[in-house]
Amino acid sequence: TSWGGSSYGSFPDLRISSHCCDDGIYFVFSEEANGDIDLDFSHFPQGYGVYFLPFSPASDEDSNAKAHYEQLCNIYPLDKTQVESAEVYGLDDRLFVITLEQHAYWAAVLDRNTYEVLQKFKICDDPEGWRIGNIFGQDDHFIINFYGDTFALIAPDGNDGYMTAM
C-alpha cells in the first residue's frame, strides 16, 4: 500500500491510497479539505469509489508495464457525502477498504476476484480526530497506525472473517 498527497493554498489535500498486484492497481482518492472545493468524479466510471486499473506486466520486449486505461472500473462505489477518508490494503485474495464515515473507522473486506463484499465491520470510533498514518502487514494480518501512537490490529477471527484488536 502506498500513499501520495498534495495540497496548494486553499485547494484540498488530496491523498491517494493504492495497492498494486500482479494484474493491476487498486486505488482510491481521499480528500482532506482545506477549503470548500468539491472534487468532481463525474468523469470516472460510476463516480467516486475504489478503482481498479488493469495492466500487462513488463516483458522481454518492453520493460514497462502497460496500463489498460479503457478498462478502468469502480469496484466499490463510495458516497462522498458519507465518507470522509478512504484507504485500501490487500492481503492475498482480499482487498480491505478502510473508510472514515459517521465518526468511526470501518473496514469492508472484498474478494479480489469477484469484488463481492464478504464482510464489513467497525474498526474503532473516531473521538479524537485520528487519521491513518501507516498500514503495514504480514501473512494474514495487518496493523493500522493512527497518528498519535494508536494502533489497530486486523486479524482473522477464526470464522473466515476478520476482527479488530486495539
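Residues numbered from 1 in each chain as written. Predicted model: local features only at pLDDT ≥ 70, side-chain atom pairs only at ≥ 80, totals over all residues. Heavy atoms only, no water.

Student: Can you explain the overall build of the protein? Please cite residues and give values.
Tutor: When helices and strands are counted, the protein shows zero helices and 14 strands. For the protein, the succession of helices and strands along the chain, N to C, is β-β-β-β-β-β-β-β-β-β-β-β-β-β. Looking at the protein as a whole, 43% of its 166 residues are labelled buried. Considering only contacts within the protein whose residues lie at least 6 apart along the sequence, 38% involve residues at least 24 apart. Element-wise, carbon and sulfur atoms account for 48% of the exposed surface of the protein, whose accessible area totals about 9,300 Å². (Helix = DSSP H or I, 4+ residues; strand = E, 2+ residues; numbered from the N terminus. Buried < 20%, exposed > 50% of the residue type's maximum accessible area, 1.4 Å probe, protein only. Contact = heavy atoms within 4.5 Å. Areas by Shrake-Rupley, 256 points an atom, 1.4 Å probe, with all protein chains shown as cover.)

Student: Give me the confidence of the model for the protein: which residues, what numbers.
Tutor: Per-residue confidence for the protein gives a mean pLDDT of 84, with 87% of residues at or over 70. Segment residues 1-8 is flagged for pLDDT under 50; beyond a separation of four residues in sequence, or across chains, it makes 28 contacts in the model. (pLDDT = per-residue confidence, 0-100.)

Student: Describe the pairing of strand 10 (residues 117-125), naming the residues involved and giving the relevant values.
Tutor: Pairing geometry for strand 9 (residues 104-111) and strand 10, over seven bridges, is antiparallel. The residue of strand 10 that forms the bridge with Ala104 is Asp125. (Pairing = 2+ DSSP bridges.)

Student: Quick rundown of the pattern of salt bridges? Include the residues and the values.
Tutor: Summed over all chains, the structure comprises four salt bridges. Between Asp93 and Arg94 there is a salt bridge, with the nearest N and O atoms lying 3.3 Å from each other. A cluster of three or more residues bridged by salt bridges with shared partners is formed by Asp93, Arg94 and Asp111. (Salt bridge = Lys/Arg side-chain N within 4 Å of Asp/Glu carboxyl O.)

Student: Tell me about the sheet that holds strand 14 (residues 162-165), and name the residues and values.
Tutor: If you trace the four strands from one edge of the open sheet to the other, you get 11-12-13-14, paired in antiparallel fashion. Two strands in the sheet have a free side with no partner beyond their single neighbour: strand 11 (132-138) and strand 14. Put simply, the sheet's adjacent strands are angled 20° from each other on average, direction ignored. Strand direction decides the pairing type here: strand 12 (residues 141-146) and strand 13 (residues 150-156), joined by five bridges, are antiparallel. Each bridged residue has a counterpart across the sheet, and for Asn145 the counterpart in strand 13 is Phe151. (Axes fitted to C-alpha atoms, helices over the stretch in contact; angles between N-to-C directions.)

Student: Outline the environment of Gly90, listing residues and values.
Tutor: Tracing the backbone through its elements, the reader meets Gly90 in strand 7 (residues 83-91). For the pair formed by Gly90 and Cys20, sequence separation is 70 residues and the distance between their alpha carbons is 8.4 Å.

Student: Hey, could you go over unusual backbone geometry for me, with residue numbers and the actual values?
Tutor: The backbone of Gln102 shows a phi angle near 55°, a positive value even though the residue is not glycine. In this structure, Gln102 sits in the loop between strand 8 (94-101) and strand 9. At His103, a position not held by glycine, the phi torsion is positive, near 60°. Take His103: its relative accessible area is 58%, and that puts it in the exposed class.

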